[in-house]
Amino acid sequence: ATINVYGLSNKIGQKNNIGQGSLSLHLNKLFLQNKLLLDAGVDNVLFWGEGDNQQYISYQRSFYFSGNYLVYLKSTIRKSFSYISITGGAGNGYFRRDENYTKGESGSFDPFFSLATPLFKGTNIIAEWNGYDIGAGISSIPFQKIPFVFTLEVTDLVYGTPRIITSVAFPFNFIRSNKVKTNFPTRPIGLRPFRAVRTI
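Residues numbered from 1 in each chain as written. Predicted model: local features only at pLDDT ≥ 70, side-chain atom pairs only at ≥ 80, totals over all residues. Heavy atoms only, no water.

### Structural notes on unusual backbone geometry
Cut-off, in case you're wondering: Numbering of helices and strands runs from the N terminus, with a helix taken as a DSSP run of H or I at least four residues long and a strand as a DSSP run of E at least two residues long. Relative accessibility thresholds used throughout: buried, under 20% of the residue-type maximum; exposed, over 50%; partly exposed, between the two (1.4 Å probe, protein chains only).
If you check the backbone angles, Asn34 has positive phi at about 70° while not being a glycine. By the element assignment, Asn34 lies in the loop between strand E2 (21-31) and strand E3 (36-48). If you check the backbone angles, Asp156 has positive phi at about 55° while not being a glycine. On the basis of relative accessibility, which here comes to 1%, the residue Asp156 falls in the buried class.

### Points about a nonpolar patch on the surface
Note the following rule: Within this analysis, patches are made of residues with over 30% relative accessible area and no salt bridge. Like charges are joined at 9 Å or less; nonpolar side chains (Val, Leu, Ile, Met, Phe, Trp, Tyr) at 5 Å or less. Only the protein chains shown count as cover for residues, and all accessible areas are computed by the Shrake-Rupley method using a 1.4 Å probe. Note on definitions: salt bridges are taken to be side-chain nitrogens of Lys or Arg within 4 Å of carboxyl oxygens of Asp or Glu.
On the surface, Phe31, Leu32, Leu38, Tyr69, Val71, Leu73, Ile84, Phe113 and Leu115 cluster together into a nonpolar patch covering about 750 Å² of accessible area. Those elements that place two or more of their residues in the nonpolar patch are strand E4 (62-72) and strand E6 (110-120). Assignment of secondary structure puts Leu115 in strand E6. Assessed through its relative accessible area of 37%, Leu115 is described here as partly exposed.

### Let's talk about the packing of aromatic side chains
Put simply, the test is: For Phe, Tyr and Trp, where Trp contributes only its six-membered ring, two rings pair if their centres lie within 6.5 Å, and the inter-plane angle classes them as stacked under 30 degrees, edge-to-face over 60, or tilted in between.
Taken as a whole, this structure holds 6 aromatic pairs when the rule is applied. Look at Tyr64 and Phe95: their rings are 6.3 Å apart centre to centre, the planes differ by 50°, and that puts the pair in the tilted class. Here Phe95 lies in the loop between strand E5 (83-91) and E6 and Tyr64 lies in strand E4, a separation of 31 residues in the sequence. According to the relative accessible area criterion, Phe95 is buried, its value standing at 4%. Taking the centre distance of 4.9 Å and the plane angle of 25° together, the rings of Phe95 and Phe112 count as stacked. Here Phe112 lies in strand E6 and Phe95 lies in the loop between E5 and E6, a separation of 17 residues in the sequence.

### Brief notes about the confidence of the model for the protein chain
We apply this condition: pLDDT expresses, on a scale from 0 to 100, how confident the predictor is about each individual residue. The contact criterion used throughout is that any non-hydrogen atoms of two residues lie within 4.5 Å.
Of all residues in the protein chain, 80% attain a pLDDT of 70 or more, and the chain-wide mean is 80. A low-confidence stretch, residues 180-185 stays under pLDDT 50, and its non-local contacts, those more than four residues away or across chains, total 10 contacts.

### Brief notes about the pattern of salt bridges
Within this structure, the stated rule accounts for 2 salt bridges. Across the pair Arg97 and Glu99 runs a salt bridge whose closest N-O atoms are separated by 3.7 Å. Looking at Glu99, the relative accessible area reads 59%, which means it is exposed. The salt bridge involving Asp156 is made with Arg163; its shortest N-O contact spans 2.9 Å. Overall, Arg163 belongs to the partly exposed group, its relative accessible area being 24%.

### Let's talk about the sheet that holds strand E1 (residues 2-5)
Rules: Any two strands with at least two DSSP bridges between them are considered paired. Fitting a line to C-alpha atoms yields each axis, with helices limited to the stretch in contact; the angle taken between N-to-C directions then spans 0 to 180 degrees.
With antiparallel pairing, the 10 strands of this open sheet are ordered in space as E1-E2-E3-E4-E5-E6-E7-E8-E9-E10. Edge positions in the open sheet fall to E1 and strand E10 (163-169), since each of these has one partner strand only. Taking the axes of each pair of neighbouring strands and ignoring which way they run, one obtains an average angle of 20° across the sheet. Alignment of E5 against E6, held across 7 bridges, turns out to be antiparallel. Paired with Thr87 across the bridge in E6 is Ser114.

What follows is the structure, given as structure tokens:
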């Protein structure tokens, strides 16, 4: 489950957006000794805030499914370029191309794809086709004992005016498991990046 907060101020961004947000739900499972992660879910299953912003593409209910596979290049994931994380999937709603956008409808499914690799311990570089444009960025966990994740990305590199996006996340587990099914003690599953408001 993910709680999204879209508005922190009424003075910048969209009008009267303070406190605006939504709830997203996801279901995923690991396979092949934790190398493969299959994932499906719905973003913005519940929405709250000022006005009927679910008419806007960024806040529409969006269904998706995806697979993430890790190709290990070195004996430990703690080294630079030790693996390549490959993600591919399809989604509607937010993930649609501009020409497939229909106001107020989730619509058909469009593909998305991303590649990531560690630049150094705790920091990954990422390139993605998010369904409608190309983005590139960096994601970092600056404090290894605290699950605080900082992401910086440049998006709309091809079809729009490039924009800079920053996001922070604090993930946690309710239950911890000591069972390890692979030689790699920590699988870098990663987080879904905060999706920037569409420019359409």
